[in-house]
Amino acid sequence: MGNQQDGRSAVGEERLSRFLARSGVASRRHVDALIAEGRVTVNGKLAVLGQKVRPAEDRVFLDGREVGGAQEPVYIILNKPPGYLSTCADPRGRRTVMSLLEGVSARVFPVGRLDYDAEGLLFMTNDGELAYLLTHPKHKVIKEYVVTVAGPRDESKIQRILSGIIIGGKRVQADYARFQGGDGRPLTLVIGVHEGQKHLVKHICRSVGYTVKRLIRVKVGPLCLGSLDRGAWRYLTPREVKDLYAGARNGWEGERKE
Ligand code: URA
């Protein structure tokens, strides 16, 4: 039962999507798209969604290159500066976060997007399982943002953010929100969200009349940006990796809504 649940069977088979994610080619959410786009073959035949493979015997290719099976997992935290794309490559040749990973030879990919002009915590790994756990909304991993906004300090806006806002026809609620800092400084909001829609925090702020001046992600579940310099990266400690797995599997509640 346990083996079947995690995608492996007793006869050495496992789901192709799990095998690809485990091999670090993309997160589990994205490997199905690679299969659907016809970019994956198994033993020379086009792969289909839901297919099983025997990693010890079958030859799996992505875009004509053999997928080599499990790699040593690598876990990185980067303090993304503004002006970088949080993707592995850009067809328009813009700078991506990959150019900041000097000295990293493993094929890591960013987990969860950060806008081009946004900054802060970007988790990167070649562990497709953990990437899947962290990004799937059902696991409710809370991301915390510190947002500098233009507009008046108004507690009723916090109440509106907490009671839910309609974005693209869907009701979205922040898990928590509060003002930070005192008078005389730019107005700053701390917002925790577990959903991952594009530009979510900007949409939330705009919908209550704030203009976003600066957006920094400071936490992903139990993982904190801390004092990492802008543009710098470091490997996670084994403890941090363990906490991320536990937080993603058990639901990391973060700060509770009042
Ligand atoms: N919400 C946004 O608006 N932008 C980000 O980069 C992340 C969350």
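How each quantity is defined
Residues numbered from 1 in each chain as written. Predicted model: local features only at pLDDT ≥ 70, side-chain atom pairs only at ≥ 80, totals over all residues. Heavy atoms only, no water. Helix = DSSP H or I, 4+ residues; strand = E, 2+ residues; numbered from the N terminus. Contact = heavy atoms within 4.5 Å. Near = heavy atom within 4 Å. Polar contact = N/O pair within 3.5 Å; in protein donor to acceptor, adjacent residues only side chain to side chain. Areas by Shrake-Rupley, 256 points an atom, 1.4 Å probe, with all protein chains shown as cover. Nonpolar A, V, L, I, M, F, W, Y, C, P; charged D, E, K, R; others polar. Domains from an automatic or database assignment. Core = buried A, V, L, I, M, F, W, Y, C linked by side-chain atoms within 4.5 Å. Buried < 20%, exposed > 50% of the residue type's maximum accessible area, 1.4 Å probe, protein only. Buried area = accessible area lost by both parts, 1.4 Å probe. Salt bridge = Lys/Arg side-chain N within 4 Å of Asp/Glu carboxyl O. Axes fitted to C-alpha atoms, helices over the stretch in contact; angles between N-to-C directions. Parallel < 35°, antiparallel > 145°, perpendicular 65-115°, else oblique. Left-handed = near helix turned anticlockwise from the far one by under 90°. Pairing = 2+ DSSP bridges.

Brief notes about the side chain of Asp 115
Phase 1 of the analysis: With respect to the secondary-structure elements, Asp 115 resides in the loop between strand E8 (109–111) and strand E9 (119–125).
Phase 2 of the analysis: Residue contacts for Asp 115: discarding those within four places in its chain leaves Lys 80, Tyr 84, His 199 and Lys 202.

Looking at the site of the ligand
Phase 1 of the analysis: Around the ligand sit Leu 114, Asp 115, Ala 118, Tyr 145, His 199, Leu 200, Val 201, Lys 202 and Leu 215, and those are all the residues in its vicinity.
Phase 2 of the analysis: The separation between an oxygen atom of the ligand and a polar main-chain atom of Leu 200 is 3.4 Å.
Phase 3 of the analysis: The separation between a nitrogen atom of the ligand and a polar main-chain atom of Val 201 is 3.1 Å.
Phase 4 of the analysis: For the ligand, the protein covers 95% of the area, taking 240 Å² as the surface of the free molecule.
Phase 5 of the analysis: It is helix H6 (residues 200–207) that provides the largest number of residues to the shell around the ligand, a total of three residues.
Phase 6 of the analysis: A class-by-class count of the residues in the shell around the ligand yields six nonpolar, one polar and two charged.
Phase 7 of the analysis: A domain-level breakdown of the shell around the ligand finds at least three residues from each of domain 2 (75–137 + 222–256) and domain 3 (142–220).

Concerning the nonpolar core
Phase 1 of the analysis: By size, the foremost hydrophobic cluster in this structure holds 26 residues, and its most contacted members are Val 147, Leu 189, Ile 191 and Cys 205.
Phase 2 of the analysis: Mapped by element, the contributors of at least two residues to this core are strand E10 (143–150), helix H5 (155–163), strand E11 (165–167), strand E13 (176–180), strand E14 (187–193), H6 and strand E15 (211–220).
Phase 3 of the analysis: Filtering out sequence-adjacent residues up to four positions away, Val 147 remains in contact with Leu 187, Thr 188, Leu 189, Ile 191, Val 201, Cys 205, Val 212, Arg 214 and Leu 215.
Phase 4 of the analysis: In this structure, Phe 109, Val 111, Leu 121 and Tyr 245 belong to the second largest nonpolar core, which totals 21 residues.

A closer look at the domain arrangement of the protein
Phase 1 of the analysis: When cut into domains, the protein gives domain 1 (5–66), domain 2 (75–137 + 222–256) and domain 3 (142–220).
Phase 2 of the analysis: Between the C-alpha centres of domain 1 and domain 2 the distance comes to 24 Å.
Phase 3 of the analysis: Contacts between the two partners involve ten residues from domain 1, matched on the other side by ten residues from domain 2.
Phase 4 of the analysis: Interface of domain 1 and domain 2: buried area, both sides summed, is about 840 Å²; carbon and sulfur atoms make up 53% of it.
Phase 5 of the analysis: A per-residue breakdown of the area domain 1 buries against domain 2 is headed by Gly 24, Arg 28 and Arg 29, which together make up 56% of the total.
Phase 6 of the analysis: Scanning the region where domain 1 abuts domain 2 turns up zero salt bridges.
Phase 7 of the analysis: For the pair domain 1 and domain 2, the number of links is one residue pair in polar contact (both at pLDDT 80 or more).
Phase 8 of the analysis: Put simply, the parts of the chain that give the side of domain 1 that touches domain 2 at least two residues each are helix H2 (16–22) and helix H3 (28–36).

Some words on the packing of helix H4 (residues 128–135) against helix H7 (residues 238–250)
Phase 1 of the analysis: Contact pair H4 / H7: the axes reach a minimum separation of 8 Å and the direction vectors enclose 45°. On the basis of their axis angle, the class for H4 and H7 is oblique. Of the two possible hands of crossing, H4 and H7 adopt the one that is left-handed. Contact residues: H4 offers Glu 129, Leu 130, Leu 133 and Leu 134, while H7 offers Leu 244, Tyr 245, Ala 248 and Arg 249.
Phase 2 of the analysis: Grouping the amino acids of the contact of H4 with H7 by side-chain chemistry returns six nonpolar, no polar and two charged.

Here's the deal with the pairing of strand E7 (residues 75–80)
Phase 1 of the analysis: With six of six residues buried, E7 is to be regarded as a mostly interior element.
Phase 2 of the analysis: Side-chain alternation along E7 places Tyr 75, Ile 77 and Asn 79 on one buried face and Ile 76, Leu 78 and Lys 80 on a second face that is also buried.
Phase 3 of the analysis: Pairing geometry for E7 and E9, over six bridges, is antiparallel. Bridge pairing in E9 places Leu 78 opposite Leu 122.
Phase 4 of the analysis: Inspection of the sheet shows E7 paired to strand E17 (residues 233–235) by three bridges, in the antiparallel sense. Within E17, the position partnered with Ile 76 by the bridge is Tyr 235.

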